[in-house]
Amino acid sequence: MCITTTTPRDEILERSQNYKRELRFDLTAEEYLTSTRMRCETLEYERKREPLVPADPYEITPAQLTMNPYNSLVLNSPNMFIADIDKGDPRFSPFATVADEEEILESLNSLGDFDAEFEREEPIRDASWRLYGTHSGYRLICTSRPIGQEEMWYARKLLRFFRADPRYIDLCEKQKCFRARLTPKPWRGQELCNSVCYLIEECGDEVHPAIAEQLRLHDELTIFSSDGLA
């Protein structure tokens, strides 16, 4: 007898199918309209509305889960610092800022220099971090220091210190939140058999209670298989 166990990850991926946007022809309006199977609230992002997807059984408040325009799940966090860093040669890509993960690790080791510029009760050099590899670069998450909306000025400087994608930095400041795609881009692979990222290194093991569930959601949805990154 085969017994299948449904995991929290499975629950969200199955539920998310109801929030994918589909192009349908509306007979009344006589035009094609974008809609979801499930009526839902939306979150504004870049002057567009993204469907809000219930994240239970993960308790990620105040973060929110949305479905982006190409139907990938996205974590929107107002307090978990996430840096999106592109890899490559800046001579060939205007968004590439680092050559490899060693440059990011060097920045982590140099956070004392960053602290010297800012007087804070909890120096960021003492924080814990997780560095992930992605399809086109890296994702860096601070696991032990929540950085809230009122500190976006500080977050912006920290993102620049790590040489994050300039577009990403601007959007973080405008939206007052950090974003991380959790499921693959449709043109890169099937979302049930491809991972979005893989863990490269943990610098410290502290996880703050305020972001613990967000981090669990992130890791359980993004680090899934060895079939390739999407």
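Before any of the text, the structure's been laid out above.
Notes on the structure in this doc start here. Since this is a predicted model, take the numbers as computed values, not measurements.

On a plain count of helices and strands, the chain comes out with six helices and 11 strands. Within the span of the chain, comprising 230 residues, buried residues form 45% of the whole. By sequence separation, contacts in the chain at least 24 residues apart represent 65% of the contacts at least 6 residues apart. As displayed, the chain has an accessible area near 12,700 Å², and 47% of this comes from carbon and sulfur atoms.

Taken in spatial order, the four strands of this open sheet run S7-S9-S8-S11, and their pairing is antiparallel. One side of each edge strand has no neighbouring strand; the edge strands of this open sheet are strand S7 (82-86) and strand S11 (197-203). Strand-to-strand twist of the sheet, defined as the mean angle between neighbouring strand axes without regard to direction, takes the value 20°. Examined bridge by bridge, S7 and strand S9 (residues 137-142) share five bridges and lie antiparallel to one another. By the bridge assignment, aspartate 84 is partnered in S9 with arginine 139.

This paragraph deals with the nonpolar core. Residues Phe81, Trp129 and Leu158 are the most contacted members of the largest nonpolar core, which totals 52 residues. With five residues, the top contributor of residues to this core is helix H4 (residues 152-161). Leave out the neighbours within four places in its chain, and phenylalanine 81 touches Trp129, Leu140, Ile141, Cys142, Ile147, Ala155, Leu158, Leu159, Phe162 and Phe178.

It is worth spelling out the sheet that holds strand S5 (residues 64-67) at this point. Here three strands make up an open sheet; going across it, the order is S5-S6-S10 and the pairing antiparallel. Taken across any chain shown, the strands that pair with only one partner, and hence form the sheet edges, are S5 and strand S10 (178-181). In this sheet, neighbouring strand axes are inclined to one another by 25° on average, regardless of whether the strands run parallel or antiparallel. With four bridges joining them, S5 and strand S6 (residues 73-77) adopt antiparallel strand pairing. Counted as the bridge partner of glutamine 64 is asparagine 76 from S6.

Bringing the side chain of aspartate 219 into the picture now. Along the chain, aspartate 219 falls in helix H6 (residues 212-222). Looking at aspartate 219, the relative accessible area reads 17%, which means it is buried. At a separation of 2.5 Å, a polar atom in the side chain of aspartate 219 contacts the side chain of arginine 130. For aspartate 219, the contacting residues outside a window of four places in its chain are Arg130 and Tyr132.

Every buried residue belonging to helix H1 (residues 8-16) is among Arg9, Ile12, Leu13, Arg15 and Ser16, and all of these are buried. On an axial view of H1, the arc spanned by its buried residues comes to 165°, and they lie on one face.

Quick look at the packing of H4 against helix H5 (residues 166-175) now. A pair of packed helices is characterised by two quantities: the angle between their axes and the separation of those axes. Look at H4 against H5: their axes get within 10 Å of each other, and the N-to-C directions meet at 170°. On the basis of their axis angle, the class for H4 and H5 is roughly antiparallel. Contact residues: H4 offers Met152, Arg156, Leu159 and Arg160, while H5 offers Tyr168, Ile169, Asp170, Cys172 and Glu173. Tallied by class, the residues present in the contact of H4 with H5 amount to five nonpolar, no polar and four charged.

Burial of S10 is two-sided: the residues Phe178 and Ala180 facing one way and the residues Arg179 and Arg181 facing the other way are all buried. As defined by bridge partners, S6 adjoins S10 across four bridges and the pair is classed as antiparallel. Residue leucine 75 lies in a different strand from S10, and its bridge partner there is alanine 180.

Let us now look at H5. Among the residues of H5, those classed as buried are Tyr168, Ile169, Leu171 and Cys172. Taken end-on, H5 shows its buried residues confined to a sector of 165°, consistent with a single buried face. Looking one or two residues past H5, lysine 176 carries a phi angle of roughly 55°, positive in sign.

On to the packing of H1 against H6. H6 packs onto H1 with a crossing angle of 80° between their chain directions and a minimal axis gap of 10 Å. By the angle between their directions, the pair H1 and H6 is classed as roughly perpendicular. Packed against H1, whose contacting residues are Pro8, Arg9 and Ile12, the element H6 presents Arg216, Leu217, Glu220 and Leu221 at the interface. In the contact of H1 with H6, the residues fall into four nonpolar, no polar and three charged.

Rules and cut-offs
- Residues numbered from 1 in each chain as written.
- Predicted model: local features only at pLDDT ≥ 70, side-chain atom pairs only at ≥ 80, totals over all residues.
- Heavy atoms only, no water.
- Helix = DSSP H or I, 4+ residues; strand = E, 2+ residues; numbered from the N terminus.
- Buried < 20%, exposed > 50% of the residue type's maximum accessible area, 1.4 Å probe, protein only.
- Contact = heavy atoms within 4.5 Å.
- Areas by Shrake-Rupley, 256 points an atom, 1.4 Å probe, with all protein chains shown as cover.
- Pairing = 2+ DSSP bridges.
- Axes fitted to C-alpha atoms, helices over the stretch in contact; angles between N-to-C directions.
- Core = buried A, V, L, I, M, F, W, Y, C linked by side-chain atoms within 4.5 Å.
- Polar contact = N/O pair within 3.5 Å; in protein donor to acceptor, adjacent residues only side chain to side chain.
- Arc of directions from axis to C-beta.
- Parallel < 35°, antiparallel > 145°, perpendicular 65-115°, else oblique.
- Nonpolar A, V, L, I, M, F, W, Y, C, P; charged D, E, K, R; others polar.

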